[in-house]
Number of protein chains: 2
Amino acid sequence: MGQRVTLNDVAEHAGVSRSTASLVVRNSKLIVPETHEKVRASMKALGYIYNQSAGSLRSQKTKTLGMVIADVSNPFYAMLAAGIEWACNQMDYLTIFADTAEDGHRQKMIVDRLIQHNVAGVFLCPAGDDSNTDLNALKSADTPVVQIMRHVPGNLAPYVGPDNLAGVELAVDHVVSLGRRSLAYLGGPVGKSSSEERLKGFHDGLRKHRLTPRPEFILSAGINRRQALETILPILDRPDRPDAIICYNDLMAFGVMLAMQRLGLTPGKDVALVGFDDISESELWTPALTTISIDARNIGRLAARVLLDTIADPHKAVHDVIVQPRLVVRESCGERFAKR
Amino acid sequence: MGQRVTLNDVAEHAGVSRSTASLVVRNSKLIVPETHEKVRASMKALGYIYNQSAGSLRSQKTKTLGMVIADVSNPFYAMLAAGIEWACNQMDYLTIFADTAEDGHRQKMIVDRLIQHNVAGVFLCPAGDDSNTDLNALKSADTPVVQIMRHVPGNLAPYVGPDNLAGVELAVDHVVSLGRRSLAYLGGPVGKSSSEERLKGFHDGLRKHRLTPRPEFILSAGINRRQALETILPILDRPDRPDAIICYNDLMAFGVMLAMQRLGLTPGKDVALVGFDDISESELWTPALTTISIDARNIGRLAARVLLDTIADPHKAVHDVIVQPRLVVRESCGERFAKR
DNA sequence: TCGAACTATTAGATCGTTCTAACGAATCGA
DNA sequence: TCGATTCGTTAGAACGATCTAATAGTTCGA
């Protein structure tokens, strides 16, 4: 069991000081090329392995980032996570991944652990409305944060995500342009910024077209197929059912499709249906889902850029990055619809 | 900008030595309860934050694990990752997540980085057949590894995953029991252990039922819907097309369904179809996919247990954990089928 | 020709924990 | 009563890197 090879050993082997060897590790351009090579050769010869812990202790910095996601079982978040990880890896950062499962208490524990770990920055998709405490904890630990997909009020950290309001408005415009007039909205759980914004988008859209919302058609449920199905079923079963349903996201739209299937209704004919996210599954359903597309990988990439920029220059002013969503027309809203 | 609060400050405030304070942090039962409380109170009063880097440097241990996954855009792996993260979090470990995108070179870089980071252990889903180098690198750094879902030859690290061979045999048994006799297999890319094993399961299954495989019906493609679709299309278009198709996984089975849809064929009637994995999407397709179920979260949990046990006691003998899969009959194989 | 400015390298202190070995006090058995 | 054992605590070294300030040696301008 040989001793671990340290920078001291490398320096001795190469005939330079430990300081010089350290500079070589960090690719300093102060070091003359031949010294560089000499030290690198010694490192290879001795089988040197850099010790992150030691470096981090002294420099008070790590090359790791935290990524706190609400629920990876949602394919959208899985893609988002992949996008973030990919971008950070490019920049030599490792990402610590954690799934809060929408649990505020769990999130607090994770954030505390990340602070102890001295992460260089955190991507946070805030779960629960008391996330301010966590954001403040991160702030007082001088850890930069980017909020992704959702944000808490108070402007504690920049937000990177879609323009939810504009997205749902696109959806409303679309179904109205096809002649639909009786619109329902199936939203996510109240309290999250994305839910609020998308709901507001629905109301704004209706107002624009001089339509009045029917309160019993404004619904909300947990973000999954099953709850969406159960929530929408009684609405679809009414004689005066809506002729269009806008959903908080694709997963919930699938739930609605399943409900329609049970009742013998055809999406795009009996009822127009629009989702949000455009996960890969959406184009494969029959009928294929018309949805509001926001590129998860792209948002991940943008969030990474904002966070890494902040880390590189903490005093730089950062702004929110709002991504404009895009309507993807497929089959679930059908052709032009004439009210009977 | 106040100085960081260290154990020294806490010790001084509590009127004990730093050593004692350190033992309190680690919940040592050597310390008498009142001292414990006294120190904890000081920690709270001063706002002490534990410094992982310092601890790791001295103890040569971290509370972080590496999780190297091939492709999270596959929902199965997303669930697996969630399961692992959840179990590790329970045990006070943070998990560093990385997606190799099936790229051996990328995997090497990530593994090196994890070693530098001094992770306590690694979950590896080996990409590429030259993963032995990476496993050896981890071994010489004394880092325990568990291989998940796939494994490289040489028994370098324990394997936790499904019994692929038995799984595909279940699928073959099922379609044969329904009267199907002309079976095709749409496999994943060659070279990966899971591919080889599932293919062998197909051959073994046929042999058991005294059926001879037709070489032109043994196919392989990339693990996604699109490539599956493109690969199976010409086969389905033949006049002597197979009456049953077993797929490497659910994602590829969906690709086959799409191909059938294009050709006006009905899964379960014209051709029986079986997948593998049982991702949540599978029960929602029409017809719902009959598949071989392996619980991703459960496998993640088991893998975590094996790795954490090894970390706790490195000399303990560890064995592979092979999970028996289960046939989930839905609609994609239809009723009993009589050859015309 | 001298001092200033720059270049490549270095000595020694330092980051905040944990480890080792030892301490005094209390308890115990013979 | 004495030595051995146990208990709770502690001093000081150690982990392996980076940081600060300083060192020679070189170049340059006036």
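Residues numbered from 1 in each chain as written. Chains lettered and ligands numbered in written order. Predicted model: local features only at pLDDT ≥ 70, side-chain atom pairs only at ≥ 80, totals over all residues. Heavy atoms only, no water.

**Student:** Quick rundown of the protein's contact with DNA strand D? Include the residues and the values.
**Tutor:** In the vicinity of DNA strand D lie 29 residues, with Leu7(A), Ser22(A), Arg26(A), Thr20(B) and Thr35(B) positioned nearest. Side-chain polar atom of Thr35(B) to a phosphate oxygen of DNA strand D: 2.4 Å apart, as the coordinates give it. Only helix H2 (18-25) and helix H4 (52-59) of chain A together with helix H2 (18-25) and helix H4 (52-59) of chain B provide two or more residues apiece to the surface near DNA strand D. By residue class, the composition of the surface near DNA strand D is 12 nonpolar, 11 polar and 6 charged. (Near = heavy atom within 4 Å. Polar contact = N/O pair within 3.5 Å; in protein donor to acceptor, adjacent residues only side chain to side chain. Helix = DSSP H or I, 4+ residues; strand = E, 2+ residues; numbered from the N terminus. Nonpolar A, V, L, I, M, F, W, Y, C, P; charged D, E, K, R; others polar.)

**Student:** Describe the interface of chain B and chain A, with residues and values.
**Tutor:** How big an interface is tends to be reported as the loss of accessible area on association of its parts. With 50 residues of chain B at the contact, the number on the chain A side is 50 residues. Carbon and sulfur atoms supply 57% of the area buried between chain B and chain A, which totals about 4300 Å² over both sides. Considering only the surface of chain B that becomes buried against chain A, Leu94(B), Arg113(B) and Leu284(B) emerge as the three largest contributors, covering 15% of it. At the surface where chain B touches chain A, the tally comes to 6 salt bridges. (Contact = heavy atoms within 4.5 Å. Buried area = accessible area lost by both parts, 1.4 Å probe. Salt bridge = Lys/Arg side-chain N within 4 Å of Asp/Glu carboxyl O.)

**Student:** Let's hear about empty space enclosed by the protein: which residues, and what values?
**Tutor:** In this approach, a probe sized like a water molecule rolls over the atoms, and the result shows the empty space that is left. Under the criterion given, the structure shown has 3 cavities of 30 Å³ or more. Considered as a void within the structure, the largest cavity measures approximately 100 Å³ in volume. Along its surface, the largest cavity is lined by Gln52(A), Ser53(A), Ser56(A), Thr62(A), His117(A), Gln52(B), Ser53(B), Ser56(B), Thr62(B), Lys63(B) and His117(B). Counting residues per element, the ones that place at least two in the lining of the largest cavity are H4 of chain A together with H4 of chain B. In terms of residue class, the lining of the largest cavity is made up of no nonpolar, 10 polar and 1 charged. Considered as a void within the structure, the second largest cavity measures approximately 70 Å³ in volume. (1 Å grid on protein atoms, 1.4 Å probe; cavity = no way out; pocket = protein on both sides within 12 Å on 5 of 7 lines; lining within 4 Å. Points joined across faces, edges and corners; volume = space filled by probe spheres on them.)

**Student:** I'd like a rundown of the protein's contact with DNA strand C, residues and numbers included.
**Tutor:** Taken together, 28 residues form the shell around DNA strand C, and within it Thr20(A), Thr35(A), Ser22(B), Arg26(B) and Arg58(B) come nearest. The share of sugar and phosphate among atoms of DNA strand C within 4 Å of the protein is 64%. Measuring from a base nitrogen of DNA strand C, one finds a side-chain N or O atom of Ser19(A) at 3.0 Å. Contacts to DNA strand C include Ser22(B), whose side-chain N or O atom sits 2.3 Å from a phosphate oxygen. Residue assignment for the surface near DNA strand C shows that the elements contributing at least two residues are H2 and H4 of chain A together with H2 and H4 of chain B.

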